Each structure stands twice: as C-alpha cells, then as structure tokens.
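# Overview (structure and organization)
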Amino acid sequence: MFRWLSGEPVSPGWPATLGPLGTKAGAVTIRPVKLRDAKDWSELRIRNQNSLMPWEPTGVGSWASRHQVSSWPPLFAVLKSEAKRGTLLPFVIELDGIYIGQLTVGNIQRGAVRTAWIGYWIDAGHAGQGITTAAVALGVDHCFGPVGLHRLDATVQPDNVASQAVLSKIGFRREGLLERYMDVNKRWRDHFLYALTAEEITGSATETLVRSGRAAFL
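Scoring rules and cut-offs
- Position numbers for residues count from 1 along each chain, tracking the sequence in the order it is written.
- Only residues with pLDDT of 70 or above have their local features reported here, since the model is predicted, and side-chain atom pairs are shown and tallied only from 80 upward, although totals for entire chains, interfaces and linings are computed over all residues.
- The basis for the side-chain values is all heavy atoms of the structure; hydrogens and waters are excluded.
- Should DSSP find at least two bridges between two strands, the strands are regarded as paired.
- For helices the rule is a DSSP run of H or I covering at least 4 residues; for strands it is a run of E covering at least 2, with both sets numbered from the N terminus onward.
- Contacts: residue pairs with any heavy atoms within 4.5 Å of one another.
- Lines fitted to C-alpha atoms define the axes here, with helix axes fitted over just the stretch in contact, and angles between the N-to-C directions of these axes take values from 0 to 180 degrees.
- The quantity known as pLDDT measures the predictor's confidence residue by residue, on a range of 0 to 100.

## Comments concerning the sheet that holds strand β4 (residues 26–32)
Spatially, the 9 strands line up as an open sheet ordered β9-β10-β8-β7-β6-β5-β4-β3-β11, and their pairing is mixed. One side of each edge strand has no neighbouring strand; the edge strands of this open sheet are β9 (173–184) and β11 (216–217). Here strand β7 (residues 115–122) pairs with strand β8 (residues 151–156) via 3 bridges, running parallel. Paired with A116 across the strands is L152, a residue of β8. Lying on the sheet, helix α4 (residues 72–85) is in contact with β5 (88–95) and β6 (98–109); it crosses β5 at an angle near 120 degrees.

Laid out in structure tokens, this is it:
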C-alpha cells in the first residue's frame, strides 16, 4: 500500500499537483493542502458560511469559531496524517494560482473494492463557471490513474442541484436515495448517492469535459 521515502510512508498518488485545466474563468489546478493555507482557508470559510452551511455536516460550536485561523493547524495535521496513511487525499482548488476551494477524496479502501468518496466546495463568487467541474474531473482522473481506485462515490442532498450538475457532467450516475443519511445543519438529511467506476470513463474525465467544450487542455 505504501512506498517509503525519507523514512515516511507515502501513499500511491500522494502528494501530487494536478492540472492545469482551462475554463472560461481561468486555469484550474488542484494541489495538496499546506500549513500556510490557514489565512486563506479561514477567510473563505467564514465568508461562505451561508452558501456552505446548508450542505455540510453539523459541527461543534459556532461556524466562526470553527473556522478561525487557529483552527487550521490541528486540522491540517489530521489531514496530513491521513494522507500519509493513504486513507485521504486533501487538495486545494486554485484558479490562476489563487486558493478558492477544496476537493477531498476520503475513506480510501484497497483490496477487493478499491473505492473512496469524493467531496468539494468552492467560493460562492466563483460558482457556475465550470471551475468545480474541472477540479472534480482532475481528481477523478487521478483516482482512477495513479491512486489505483476502481470506484468513486459522492453523496448530495436532493436540493443541491448545482452539485448534482457537476457530477452529471463528468459521468457520475445516481444510484439511489440514502434516507436520513447525515446530520447536516442540525437535521438528519436525505442524500442522493452518485457513483462512477473506472470502466465508465471513455478516455478520461478531463477529456470528457474537453470534448464537450467545457474545458481545454493547457
């Protein structure tokens, strides 16, 4: 499961910087989270409270207190540790080199299933420009390539039409409804389950976007 470098375990496909992929908004890249992301992460999360809170798991304490600059170092330490163990791939989404969101691949399982879930969020001011779709496509190709996975799952609330559109453009299919699946914003919420397997992609996810005119190789 691991290769070894300088005495530390490094999981397949990690760390890695992916892209760029061109969109009408600019060049989209995803790269590993960094300790110095604290200020950007805090500002984005606090500014986007209204657009993110309806879709994210209920947390302890107020949104502002959970997203102070001081909250990032311990969170980063957990993300880095899980990435080294090979169970998580935590990425930052950048547009022309600017941090505007995150993409995470989690609960990575090997063996006979080789599966994980994929999740993402983006600054509301950059929504609707194809950036998230490009970032997810980059993540999908990485997971089905160097990471060596066979299946990716994504769970989306029925009211989150924008996120469903992102998944559909890449080729994810809806498999069913997970009733009262997750505690979100202090209520148990239903979620659609979307899935994609490696053999369902013709060429690659990024090539699918380029063929449809939604992105361009740079």
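## Points about the environment of F76
Checked against the element boundaries, F76 lands in helix α4. A C-alpha to C-alpha distance of 11 Å links F76 and F91, two positions 15 residues apart in sequence. In contact with F76, other than residues within four places in its own chain, are V33, K34 and L35.

## Quick notes on the confidence of the model for the chain
Confidence along the chain averages 94 in pLDDT terms, with 95% of residues attaining 70 or more. Across residues 1–9, where pLDDT falls below 50, the model places 19 contacts with residues more than four positions away in sequence or in other chains.

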